[in-house]
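# Examining the three-dimensional arrangement
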Number of protein chains: 2
Amino acid sequence: MNQESIISPFSDEYFMKQALEEAHKAFDEEEIPVGAIVVCNNRIIARAHNLTERLNDVTAHAEMQAITAAANYLGGKYLKDCTLYVTLEPCNMCAGALAWSQISKIVYGASDDKRGYTRFSPNPMHPRTEVVSGIMKEESANLIKDFFTRKRMSL
Amino acid sequence: MNQESIISPFSDEYFMKQALEEAHKAFDEEEIPVGAIVVCNNRIIARAHNLTERLNDVTAHAEMQAITAAANYLGGKYLKDCTLYVTLEPCNMCAGALAWSQISKIVYGASDDKRGYTRFSPNPMHPRTEVVSGIMKEESANLIKDFFTRKRMSL
């Protein structure tokens, strides 16, 4: 039995693996590899990865696109019964957007000491949003490290 | 000579008046009336107003759309030689986006004590971004007050 088969369906690890798949897509497209999904009633209703380079748009973070896509799917702008899984700690912009969405829960992988929202006070997230961190953090952080190592080597 | 004709071209008041025009469009479309423009070399390269209701999208603030539109016009994602004029103090999401854009200058009208970015520390804006506040603040604030008064009367 390999390690993948022991991840329970609908666990935070299960869904973070899906977000990590999105991050790998970003990596392959030479974007900083961050991926996100939105889950509602155990169904994935949005998938996105960072597209700031391709779209020439600093606002095209994985989380921003996932919020827009999830709201579009639901037909309403609030994500009150949803969970966002994202491989990297959201930045302040994304935390602000998540606060406006009133999302129920956020699960992130690696911490971002330089750009993460947890550097700011008061807490930028909505007071009713539950936050879980550190899920598959090594895989998420290693992918980003590999990306920048490869970038430096190609310079 | 009426009051409009004494506003010098290319002054902060001149451009804020254009942002206020955008806010009036939002008002007419039953959106919270906030408008923004981006100016580069004294030319308006982007105009936007809040569209969160029409687009069912919490990220559709005037500033976010103006950043995306300006980057699209310039063909690059950084707004280093640009100024954003916005009728209301940016929220934390928009401040985060403006920080990523490395915009040179931001001019806003009315303050937003509840949702404005200046409540947060450290300062969410880029350290090289100049910020000017209070330009045409009464007009900007009154439009928002009128909007909510009308909303309450129609309930």
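It should be emphasised that the depicted structure is a prediction, and the values quoted were computed from it without experimental measurement. (Residues numbered from 1 in each chain as written. Chains lettered and ligands numbered in written order. Predicted model: local features only at pLDDT ≥ 70, side-chain atom pairs only at ≥ 80, totals over all residues. Heavy atoms only, no water.)

### Describing the interface of chain A and chain B
To be explicit about the condition: Contacts are assigned to residue pairs with any non-hydrogen atoms lying within 4.5 Å of each other. Reported buried area values correspond to the accessible surface (1.4 Å probe) lost by two parts on association, with both partners' losses combined. By salt bridge we mean one thing: a side-chain nitrogen of Lys or Arg within 4 Å of a carboxyl oxygen of Asp or Glu. Pairs of N or O atoms within 3.5 Å make up the polar contacts considered here, provided that, within protein, one atom can donate a hydrogen while the other can accept it, and that residues adjacent in sequence are counted only when both atoms are side-chain atoms.
Between chain A and chain B, the residue contacts involve 29 residues of the former and 29 residues of the latter. Buried area between chain A and chain B, both sides added, is near 2,400 Å², and the carbon and sulfur share of it is 63%. The largest share of the area that chain A buries against chain B comes from Val-58, Lys-77 and Trp-100 of chain A, three residues that together contribute 30% of it. Seen at the junction of chain A and chain B, the total is two salt bridges. As a salt-bridge pair, Glu-53 of chain A and Lys-77 of chain B come within 2.6 Å of each other at their nearest N and O atoms. Inspection of the chain A/chain B interface yields 10 residue pairs in polar contact (both at pLDDT 80 or more).

### Quick word on the environment of Ala-97 of chain A
Note the following rule: Where helices and strands are cited, they refer to DSSP runs of H or I of at least four residues and of E of at least two residues respectively, numbered from the N terminus.
In this fold, Ala-97 of chain A is placed in helix α3 (residues 92-101). Sequence-distant contacts of Ala-97 of chain A, that is, excluding residues within four places in its chain, are made with Met-64 and Ile-67 of chain A together with Val-58, Thr-59 and Met-93 of chain B.

### Observations regarding the packing of aromatic side chains
All names here are of chain A. Threshold: For Phe, Tyr and Trp, rings pair up if their centres lie within 6.5 Å, where Trp contributes its six-membered ring, and each pair is then called stacked (planes under 30 degrees apart), edge-to-face (over 60) or tilted (otherwise). Type-normalised accessible area, obtained with a 1.4 Å probe on protein chains alone, sets the label of each residue: buried when under 20%, exposed when over 50%, and partly exposed for intermediate values. In our convention, an over-ring charge means Lys NZ or Arg CZ found within 6 Å of a ring centre and within 35 degrees of that ring's normal.
By the definition in use, this model includes 14 aromatic pairs over all chains. Arranged with centres 6.1 Å apart and planes meeting at 70°, the rings of Phe-27 and Phe-147 form a pair that is edge-to-face. Residue Phe-27 is found in helix α1 (residues 12-28), and its partner Phe-147 is found in helix α4 (residues 137-154); the two are separated by 120 residues along the sequence. Across the pair, exposure class does not vary: Phe-27 and Phe-147 are buried alike. Grouped by ring-pair contacts, the aromatic residues Phe-10, Tyr-14, Phe-15 and Tyr-85 constitute a single cluster. The ring centre of Tyr-78 lies 5.5 Å from the NZ or CZ of Lys-80, which sits over that ring.

### Description of the UniProt feature "binding site: Zn(2+)" (unreviewed entry) in chain A
The test is simple: UniProt positions are given in the numbering used here, feature names are shortened, and annotations may be inferred rather than shown by experiment.
As annotated by UniProt and renumbered to match this structure, "binding site: Zn(2+)" (unreviewed entry) occupies His-61, Cys-91 and Cys-94 of chain A. Sequence-wise these annotated residues cover 34 residues; spatially they are packed, their C-alpha atoms never more than 9.2 Å apart. Take His-61 of chain A: its relative accessible area is 14%, and that puts it in the buried class. Among residues more than four places away in sequence, those in contact with His-61 of chain A are Asn-50, Thr-52, Cys-91, Met-93 and Cys-94 of chain A together with Trp-100 of chain B. Mapped onto the elements of the fold, Cys-91 of chain A is located in the loop between β3 (82-88) and α3.

### Here we look at the confidence of the model for chain A
Let me state the cut-off plainly: Values of pLDDT, the confidence the predictor places in each residue, fall between 0 and 100.
Confidence in the prediction of chain A, expressed as mean pLDDT, is 95, and 96% of residues score 70 or more. Both scores are available for the predicted complex, with the pTM at 0.93 and the ipTM at 0.92.

### A few points about the relation of the copies chain A and chain B
Under the convention used in this document: A least-squares fit on C-alpha atoms brings the copies together, and the residues used are those whose pLDDT is at least 70 in both copies.
For the pair chain A and chain B, the relating rotation is 180°, the translation along its axis is 0.0 Å, and the fit reaches an RMSD of 0.0 Å. Such a turn and shift between the copies fits a two-fold axis. Proximity to the rotation axis, assessed at the C-alpha, singles out Met-93 of chain A in chain A; its C-alpha lies 2.0 Å from the axis. Interface residue correspondence from chain A to chain B reaches 100%, placing this contact among same-surface, isologous pairings.

### Notes on the sheet that holds strand β5 (residues 130-133) of chain A
Residue and element names in this part refer to chain A. Where we set the bar: Only when DSSP finds a minimum of two bridges between them are two strands counted as paired. Comment: axis = line fitted to C-alpha atoms, over the contacting stretch for helices; angle = value between 0 and 180 degrees taken between N-to-C directions.
Spatially, five strands are ordered β2-β1-β3-β4-β5 in an open sheet, and the strand pairing comes out mixed. Either end of the sheet is taken by a strand with one partner, and the two such strands are β2 (43-49) and β5. Along the sheet, successive strands turn relative to each other by an average axial angle of 15°, direction set aside. In the sheet, strand β1 (residues 35-40) pairs with β3 via five bridges, with the strands oriented antiparallel. Within β3, the position partnered with Ala-36 by the bridge is Val-86.

### Some details on the side chain of Glu-31 of chain A
All names here are of chain A. Put simply, the test is: Counting rule for charge: Lys and Arg are taken as positive, Asp and Glu as negative, and neither His nor the chain ends is counted.
As for its placement among the helices and strands, Glu-31 is situated in the loop between α1 and β1. The charged side chain of Glu-31 is buried without a salt bridge, its nearest counter-charge being Arg-54 at 5.3 Å. A polar atom in the side chain of Glu-31 sits 3.2 Å from the backbone nitrogen of Thr-52. Once residues within four sequence positions are removed from consideration, Glu-31 is found in contact with Ala-26, Asn-50, Leu-51, Thr-52, Glu-53, Arg-54 and Phe-147.

### A short note on the UniProt feature "domain: CMP/dCMP-type deaminase" (unreviewed entry) in chain A
In this numbering, the UniProt entry assigns the feature "domain: CMP/dCMP-type deaminase" (unreviewed entry) to residues 10-120 of chain A. Secondary structure content for residues 10-120 of chain A is 36% helix and 23% strand, and the end C-alpha separation is 31 Å.

### Observations concerning the sheet that holds strand β5 (residues 130-133) of chain B
Residue and element names in this part refer to chain B. The strand order across the open sheet formed by five strands is β2-β1-β3-β4-β5, and the pairing between neighbours is mixed. In this open sheet, the two strands that pair with only one neighbour each are β2 (43-49) and β5. Geometrically, the sheet is characterised by an average inter-axis angle of 15° between neighbouring strands, direction not taken into account. Running at roughly 145° to β2, helix α2 (residues 62-74) makes contact with β1 (35-40), β2 and β3 (82-88) of the sheet. In the packing of helix α4 (residues 137-154) onto the sheet, contacts are made with β3 and β4 (105-110), and the angle to β4 comes to roughly 60°.

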